[in-house]
Amino acid sequence: MTINYEEINNYLNMTRNTENTLEKHQELFGAEKLFEFKQITSALEHNIKLAENKSRKLSIGIIGAVKAGKSSFLNALIFNGENYLPKAATPMTAALTKITYSDKPKAVVHFYTQDDWNAIQRYSDLYDEGLNKEYSFYLKNFAKNRDKIMFEHSSNKPMSLSEYELKYNCHNENQRGAKELTRMVKDSSLLKKLNGEEEIVGDIIHKLDDYVGANGHYTPIVSYVELQVDNPRVKDYEIVDTPGLNDPIVSRGIRTKEFLRSCDVVILLSPCSQFMDSHTVNLMANNLPEAGVREILVIGSKLDSGILNENTNDFGLAWKKARLSYETQFDKNLSNVKNEGNNLEILNKMSAEKVLFISSTCFSIARKIRENIRLDENEQKVYDNMHGVYRNYDDKYFELLGGIKQVQRALNEVQRRRNEIIEGRNTNLLDNTKNNHLRTLEKILAETVSSRNKLETTDVEALKNRSDNIIDIIDSSREKLMYIFDLAKIKSDEKIQQILPQLTIAMSQHQGISIETTTEEKHYTTSSWFGLKKETHFYNVTNNTANTARVIDNIKMYSAQCQEFVNVEFKNIFNKAEFSQNIKNVVINAFGKSQQKFDEDDILLPLNNVLAKISIPHITFDYLPYIDEVKTRFREGYARNDEIHQLRNLQSELLNKIEIEISEQLVKALKEITETLNTQAVSFADQIENELCGELEKLQKQAKEKERYIAEYRKFEQNLREVKKTYNSF
C-alpha cells in the first residue's frame, strides 16, 4: 500500500495544533495525559520514517522472560554457536541491543536526544512532586499524632525524606523510570553527549560495559546499542535483542516497548520448563504494543531439559511426548487468557500450531562434534545425560534437538513475505494513531468536566472545609486502620506456621520406590574322592532392581503438589480481597458519619489506587536441578541390589532439600508481606489523604478566581469536543 504523505502531513499539522492547545491549558488536567498524547505522535513520526525507507530490512524483536536463553539463542542463530553475545551476569547488566550488518564490525552507542531527556526530566519532576506532596502529608500527621505514633513504633522523630522515599510507591511507570535515570546521572557533564553517538571498535564487548553495565558511567543516557557485525545471516534483517520482560530497570523496560513498536516480527522465547504458562502469556501480551507487530513466532527454549523429564528410555517417544505436552499446555493457557478479553489483537497472532522448539546447547554440541572440538562442562553433562538415559540415542539427534535450522527456515519464509508484511504494517498506521489520540483526548475531557462540576458547586471556604473534614475523618480512622494492618500480620504468621507441617506430611506420599525382583538359578560343581566323583549343586540368586523413573516422578509430583498447595494457600495467608474490604469498610463508614456528603465513588477510586500498591508475592520452584542430580548419580537409569539403598537415601535427601527450599521461599514471602504491611501501616492513612485532597488543593487555588476558571474549563471543554470531531472526521 502506498502511504498518502499529504494526508499524513495534514494529520501531523492538526496534531501539533492540538498539542499547542493542550499545553496552553495544562493547569486544567493531569500532565501525564499530555505526555501520553505526545508519545503517540512521536511513534507515528518514527513509523513514517520507517515507511519512507523502501529498501529497509525487516525488523525482528527477540523477547522473553529474564533467563529464557536469548543470548544463547542468538549466538546459535547468527554466530553458529560461538559465544559472541555475552550472557548477562544479572538482569541489571542486560542491554537493549540492535544487531545489524556491516563489513566493518563495530558498536555504535546511541545516546538520548535532548527532547527525550526533556521528557525524562519532566517525568522525574512529577515523581518528585508526588513524593514531596505525600511526604508533607506524612509530616503534618506525624506532628498531629506524635504521641500515638511514638507509642506504636518507638520513634521520637519523623522519617527523613530519603527514608520515606523507600516506602513511597509511585504507581506511574514512566515517572519511576525517569527518576531512576536522573538519579543515576552523577555528573551533569554527561548530558553534553545528548543527541550524539559514539563508535567502539576493537574489544567491543569489554568496552561496552562502561555504556550498558549496571554501574557504567554512561548507562543512564544510553538509549540503545547497535552492534554492527560482519555476518551474512543478518544482511536481510535487523534484530532487536531486548533485556527481557519483567525488566528490573523500569526505564529500560519502557524503552524496550518503544523499540518493539518498530518491529515487524517478534520471536517469543519461553523455556520448556515453564513453557508459555498463563503468567508468561499475560506478561508477553501486556508488553507487546498493539500496533505494529505483524508476525509472532513462539519458540520453546532449553528443549534438552524438557525431554529429559519424560519418563521413558526411548528417545523418539520422549521427543513426541514432550512436544505434545508443551503444545497442549500452550493452547490451553492461550485460550484461558483470551477468555479474559484483553490484548486479543496480540493473542490472536500466537498459535500453538506454529511453535518451534530449540536447544542452543544441543546445537553447540552438534557443531563441536562435527568440528572435533572439546565440549565445555555443561555441554558434556547434557551429552552424558542423553546417552545415559536413552538406550537408542545417537549423536545425530543433537542437530534435531538444536532446532536452529527450523528457525532459519521460518525466518526465510518471513523474508519471502517481506513486502506483504511491511505493507500490512503501513495499512492501519494512521487509523491506529488516530484511535489512540482520541482515547487520550476523551480521558482529558472526562477529567476537565469532573473538575469543572466540582468547582461550580463549591467555593474556597467549602473546599477548605471539605479538605479539613477529609483529614479529620482519616485521622479518626487511623487507629482502626492500624489494627487491620496488625491483625493481617498476625494472621499471616499463623497461617505460615500451619502450612509448613503440611509440606512434611505431603512428602510421605512420595517416598515409594518400585523394586523389581528376579530370581536366577545358578550352579557349581564339586569334586570328591580325588576327583573321581563330581556333584552339581544348584542355588537361586535374587536380584533387585529399582528404576530411577519412579524417583524422578516422586520429585516432580512432590514439587508440583507443594507449589500448587503453597500458591493456593498463600492467597489465604494474606487474603488481599478480605483485607481490602475491611479497609474500605472502615473508611466508607467513617465518611458516612460525616455531616458533609461524599460520593462513595470519589472515595473508592483513590482508596483503590493506594490498595493497589500492596502486592502478593508469587512462589515459583525449579525442580530440574534435583532431577539432574538423580540422572547424574544413576546414569544407567536404575539401581541394583545394594545401590537401591543409595537411591532411597538420595531420594530422601532431595525431597528434604525441596521441602527446605520451598519453606524458605514461604518464610521469605511472609517477610515481604510483613515489610509491605509495616511500610503501608505507617503511611497508608497519609496516602489516602493525599489522594483525596490532591485535587481539592488544585480546586482551592482555582476557586479564588472561580468565574474565570469555570469559563476557562467550559471554553477548553468546547475546544476538546471540536478537536474530537475533527479527529473523528479525518
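Within any chain, residue numbers begin from 1 and follow the written order of that chain's sequence. Given that the model is predicted, a residue must reach a pLDDT of at least 70 before its local features are reported, and side-chain atom pairs must reach 80 or more before they are shown or counted; all residues, however, enter totals for whole chains, interfaces and linings. Hydrogen atoms and water are omitted, and side-chain values are computed over all heavy atoms in the structure.

### Side note on the overall build of the protein
Counting from the N terminus, the helices are DSSP H or I runs at least four residues long and the strands are E runs at least two residues long. A count of helical and extended segments in the protein gives 27 helices and 12 strands. Burial classes follow relative accessibility: with a 1.4 Å probe on protein chains only, a residue under 20% of its type's maximum area counts as buried, one over 50% as exposed, and anything between as partly exposed. The buried share of the protein, reckoned over its 730 residues, is 47%. Contacts: residue pairs with any heavy atoms within 4.5 Å of one another. Restricting to contacts in the protein with at least 6 residues of sequence separation, those with at least 24 account for 83%. Accessible surface, the protein: about 36500 Å² in total, of which carbon and sulfur atoms supply 47%. Methods summary: accessible areas were calculated by the Shrake-Rupley approach with a probe of 1.4 Å, and residue burial reflects only the protein chains presented.

### Regarding the pattern of salt bridges
Salt bridge, as used here: a side-chain nitrogen of Lys or Arg that lies within 4 Å of a carboxyl oxygen of Asp or Glu. Here the structure, examined in full by the defined rule, presents 25 salt bridges. Glu442 is paired through a salt bridge with Lys724; the nearest N and O atoms lie 2.2 Å apart. Of this pair, Glu442 sits in helix H20 (residues 429–456) while Lys724 sits in helix H27 (residues 706–729), and the two are 282 residues apart along the sequence. Assessed through its relative accessible area of 36%, Glu442 is described here as partly exposed. On the accessibility criterion, Lys724 (18% relative accessible area) is buried. Here Lys657 and Glu653 are joined by a salt bridge, their closest N and O atoms 3.4 Å apart. You can see Lys657 and its partner Glu653 sitting in helix H26 (residues 642–703), 4 residues apart, about one turn around the helix. A network of salt bridges, in which partner residues are shared, links Arg452, Glu456, Arg714, Glu717 and Arg721.

### Points about the pairing of strand E5 (residues 222–229)
Along any regular strand, the residues point their side chains to alternate faces of the sheet. Buried residues dominate E5, accounting for 8 of its 8 residues. Relative to E5, strand E2 (residues 97–101) is paired through 5 bridges, and the arrangement is parallel. When the bridges of E5 are listed, Ile99 appears paired with Leu227. By the convention used here, strands pair only if DSSP detects at least 2 bridges between them. The pairing of strand E3 (residues 106–111) with E5 spans 6 bridges and is classified as antiparallel. Bridging from a neighbouring strand, His110 pairs with Tyr224 of E5.

### A few points about the sheet that holds strand E9 (residues 356–357)
Read from one edge to the other, the open sheet built from 9 strands follows the order E4-E3-E5-E2-E6-E1-E7-E8-E9, with strand pairing classed as mixed. The open sheet is flanked by strand E4 (197–200) and E9, the only strands paired with a single partner. Pairing of strand E7 (residues 265–271) with strand E8 (residues 295–301), which is carried by 7 bridges, proceeds in the parallel orientation. Within E8, the position partnered with Val266 by the bridge is Ile296.

### Here we look at the packing of helix H3 (residues 70–79) against helix H18 (residues 404–416)
Two elements in contact, H3 and H18, have axes whose closest approach is 10 Å; the angle formed by their N-to-C orientations is 70°. The pairing of H3 with H18 is recorded here as roughly perpendicular in orientation. In this structure, H3 contributes Phe73, Ala76 and Leu77 to the contact, and H18 contributes Ile404, Val407, Gln408 and Leu411. Here the residues of the contact of H3 with H18 are counted per class, giving 6 nonpolar, 1 polar and no charged. Each axis is a line fitted through C-alpha atoms, and for a helix only the stretch in contact is used; angles between axes span 0 to 180 degrees, taken between their N-to-C directions. To sort the angles, those under 35 degrees are grouped as roughly parallel, those over 145 as roughly antiparallel, those from 65 to 115 as roughly perpendicular, and the leftovers as oblique. Residue classes follow a fixed rule: Ala, Val, Leu, Ile, Met, Phe, Trp, Tyr, Cys and Pro count as nonpolar, while Asp, Glu, Lys and Arg count as charged, and any other residue, Gly among them, counts as polar.

### A few points about helix H13 (residues 315–339)
Given a rise of 1.5 Å per residue, 25 residues ought to cover 36 Å, and the 36 Å separating the end C-alpha atoms of H13 matches this to within 8%. All of the buried residues in H13 are Phe315, Ala318, Trp319, Ala322, Tyr326, Phe330, Asn333, Leu334 and Val337. Capping the start of H13 is the job of one residue whose side-chain oxygen sits 3.1 Å from the backbone nitrogen of Gly316: Asp314. To estimate how far a helix should reach, multiply one less than its number of residues by 1.5 Å. Polar contact criterion, stated in full: a pair of N or O atoms within 3.5 Å, where within protein one must be able to donate a hydrogen and the other to accept it, and residues adjacent in sequence count only if both atoms are side-chain atoms.

### Some remarks on the environment of Leu194
By the secondary structure assignment, Leu194 is in the loop between helix H7 (173–184) and E4. With relative accessibility at 8%, the residue Leu194 sits in the buried group. Between the alpha carbons of Leu194 and His110 there is a distance of 8.9 Å; along the sequence they are 84 residues apart. Look past the residues within four positions of Leu194 in its chain and what remains in contact with it is Tyr112, Thr113, Gln114, Trp117 and Ile221.

### Side note on the packing of helix H1 (residues 5–24) against H20
Where H1 contacts H20, the two axes come as close as 12 Å, and the packing angle between them is 15°. As the angle between them shows, H1 and H20 are arranged roughly parallel. For the crossing formed where H1 meets H20, the hand is left-handed. Mapping the contact onto sequence places Glu7, Ile8, Tyr11, Thr15, Thr18 and Leu22 in H1 and Leu430, Thr433, Lys434, His437, Leu441 and Ile444 in H20. Its residues assigned to classes, the contact of H1 with H20 shows 6 nonpolar, 4 polar and 2 charged. Helix crossings are classified by the rotation of the near helix relative to the far one: an anticlockwise turn of less than a right angle makes the crossing left-handed, while a clockwise turn makes it right-handed.

### Some details on the side chain of Arg56
Here Arg56 is to be found in the loop between helix H2 (31–52) and strand E1 (58–64). The exposure class assigned to Arg56 is buried, which follows from its relative accessible area of 9%. Here the side chain of Arg56 touches Asp264 through a polar contact of 2.9 Å, side chain to side chain. Not counting residues within four places of it along the chain, the set of residues in contact with Arg56 comprises Leu50, Asp264, Arg418, Ile422 and Arg425.

### Let's talk about the environment of Phe142
Locating Phe142 in the fold gives a position in helix H4 (residues 114–144). For the pair formed by Phe142 and Lys157, sequence separation is 15 residues and the distance between their alpha carbons is 8.6 Å.

### Points about the confidence of the model for the protein
Detailed conclusions should not be drawn from predicted coordinates in areas where pLDDT is low. Per-residue confidence from the predictor is reported as pLDDT, which spans 0 to 100. For the protein, the average pLDDT comes to 80, and 86% of its residues sit at 70 or higher. Low confidence marks residues 149–154, where pLDDT is under 50. Its contacts with residues over four positions away, or in another chain, come to 8 contacts.

### Re the nonpolar core
Grouped burial of nonpolar side chains is what soluble globular proteins tend to show. Within the largest apolar cluster, 60 residues are counted, with the highest numbers of intra-cluster contacts made by Leu22, Phe579, Ile583, Phe591 and Tyr727. A per-element tally of this core places H26 first, with 11 residues. Leave out the neighbours within four places in its chain, and Tyr727 touches Tyr11, Met14, Thr15, Thr18, Phe37, Lys434, His437, Leu438 and Leu441. By nonpolar core we mean a set of buried residues, namely Ala, Val, Leu, Ile, Met, Phe, Trp, Tyr and Cys, connected to one another through side-chain atoms within 4.5 Å. Among the nonpolar cores identified, the runner-up in size contains 53 residues, and Ile120, Leu227, Val229 and Val265 belong to it.

### What to know about helix H23 (residues 576–592)
Between its first and last C-alpha, H23 extends 24 Å over 17 residues, near the 24 Å set by a 1.5 Å rise per residue. Phe579, Ser580, Ile583, Val586, Val587, Ile588, Ala590 and Phe591 are the residues of H23 that are buried.

### Regarding the packing of aromatic side chains
Two aromatic rings are characterised by how far apart their centres lie and by the angle between their planes. For this analysis, a ring pair means two rings from Phe, Tyr or Trp (six-membered ring only for Trp) whose centres lie within 6.5 Å, classed as stacked if their planes differ by under 30 degrees, edge-to-face if by over 60, and tilted for the remaining angles. Here the structure, examined in full by the defined rule, presents 20 aromatic pairs. Ring geometry for Phe35 against Tyr123: centres 4.7 Å apart, planes inclined by 45°, an arrangement best described as tilted. Here the residue Phe35 occupies a position in helix H2, and Tyr123 occupies one in helix H4, the gap between them amounting to 88 residues. Aromatic side chains Phe315 and Tyr397 sit 4.6 Å apart centroid to centroid with 20° between the ring planes, which places their arrangement in the stacked category. Taken together, the positions of Phe315 in helix H13 and Tyr397 in helix H17 (residues 397–402) put the pair 82 residues apart, joining distant regions of the chain. Among the aromatic side chains, those forming a connected cluster through ring pairs are Phe315, Tyr383, Tyr390, Tyr393, Tyr397 and Phe398. The cationic tip of Arg708 hangs over the ring face of Tyr709; the distance from NZ or CZ to the ring centre is 4.4 Å. The criterion for a charge sitting over a ring is simple: Lys NZ or Arg CZ within 6 Å of the ring centre, and within 35 degrees of the ring normal.

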